[in-house]
Amino acid sequence: MRQVMRGMRVQSARTTESETPLKLPYEAEGKEGSIRWYAHGYHQWMLEMNYSLHTIKNQRCFFGKFLKWCDERGVEKPGEVSQELIERYQRSLYHVTDDETGEHLSVNTQRVVGMAIHGFFRWMKKRGHLRNNPAADIELP
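Reading the values: rules and limits
Residues numbered from 1 in each chain as written. Predicted model: local features only at pLDDT ≥ 70, side-chain atom pairs only at ≥ 80, totals over all residues. Heavy atoms only, no water. Helix = DSSP H or I, 4+ residues; strand = E, 2+ residues; numbered from the N terminus. Expected span 1.5 Å × (residues − 1). Buried < 20%, exposed > 50% of the residue type's maximum accessible area, 1.4 Å probe, protein only. Contact = heavy atoms within 4.5 Å. Phe/Tyr/Trp six-rings, centres within 6.5 Å; stacked < 30°, edge-to-face > 60°. Core = buried A, V, L, I, M, F, W, Y, C linked by side-chain atoms within 4.5 Å. Arc of directions from axis to C-beta. Axes fitted to C-alpha atoms, helices over the stretch in contact; angles between N-to-C directions. Parallel < 35°, antiparallel > 145°, perpendicular 65-115°, else oblique. Nonpolar A, V, L, I, M, F, W, Y, C, P; charged D, E, K, R; others polar.

What follows concerns helix α4 (residues 107-126). For α4, with 20 residues, the first-to-last C-alpha span of 28 Å sits near the 28 Å given by 1.5 Å per residue. The complete set of buried residues in α4 reads T109, Q110, V113, G114, A116, I117, G119, F120, F121, W123 and M124. Those residues of α4 hidden inside the fold are in contact with α1 (35-48), α2 (53-72) and α3 (83-93). Taken from the residues just after α4, G128 is the one with a positive phi, measuring 80 degrees.

Right, let's talk about the environment of F62 for a bit. As for its position among the elements, F62 is in helix α2. Separated by 48 residues in the primary sequence, F62 and Q110 place their C-alpha atoms 9.6 Å from one another.

The next point concerns the packing of aromatic side chains. Following the criterion strictly, the structure yields 14 aromatic pairs and no others. Ring geometry for W45 versus Y51: centroids 5.7 Å apart, planes at 50 degrees, classification tilted. Among the residues examined, Y51 registers a relative accessible area of 35% and is labelled partly exposed.

It is worth spelling out the nonpolar core at this point. F63, F66, V81, I86, I117, F120 and F121 are the most contacted members of the largest nonpolar core, which has 30 residues in total. Contacts of V81, omitting those with residues within four sequence positions, involve I35, F66, V75, I86, F121 and P134.

With 14 residues, α1 ought to run about 20 Å at 1.5 Å a step, and its terminal C-alpha atoms sit 20 Å apart, in line with that. Of all the residues in α1, the buried ones are I35, R36, Y38, A39, Y42, H43 and M46. Along the axis of α1, the buried residues cluster in a sector spanning 155 degrees; they form a single face. Buried-residue contacts for α1 involve α2 and α4. Of the residues one or two after α1, N50 is the one with positive phi, at around 65 degrees.

Another aspect to go through is unusual backbone geometry. The phi dihedral of N50 falls on the positive side, at around 65 degrees, and the residue is not glycine. Topologically, N50 is positioned in the loop between α1 and α2.

Right, let's talk about the packing of α2 against α3 for a bit. Two elements in contact, α2 and α3, have axes whose closest approach is 11 Å; the angle formed by their N-to-C orientations is 110 degrees. Between α2 and α3, the interaxial angle falls into the category roughly perpendicular. Side by side, α2 and α3 meet where F62, K65, F66, W69 and C70 of the first sit next to L85, I86, R88, Y89 and S92 of the second. In terms of residue class, the contact of α2 with α3 is built from seven nonpolar, one polar and two charged.

Given below as structure tokens:
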């Protein structure tokens with residue numbers, strides 16, 4: 001199965017902090033208790049902790065792709081995400097191709113996607129929203 005994904009390439013050029021406001025690749029807020037709802041809180045926390053806007057923008061983009069993938073499988077709550085589900089998503093990235101070049105995603109891009117997922121679930125666990133971090137033992141490419 002060949003999948004094409006737009007906007008998955010890691011950008012090396014940094015964006016300036018004064019650029020237009022960040023736009024989410026998914027709804028900013030979802031139903032209370034949904035992954036989207038918590039993701040909005042996570043990204044707000046990143047902003048409050050002075051993460052660069054470039055970092056937050058990339059995290060939102062990459063995590064947003066994972067959210068879309070979860071939506072397609074009916075996964076809405078953080079507790080429904082398992083290590084096996086994340087590993088399936090990682091394997092699916094192998095089949096994704098860049099819409100501009102037609103090439104598979106680089107190992108670096110796949111790693112950054114995994115890091116975005118890992119960071120979100122680490123935050124969820126630290127805040128007490130999850131008992132276990134399903135991404136804790138995920139091996140990144």
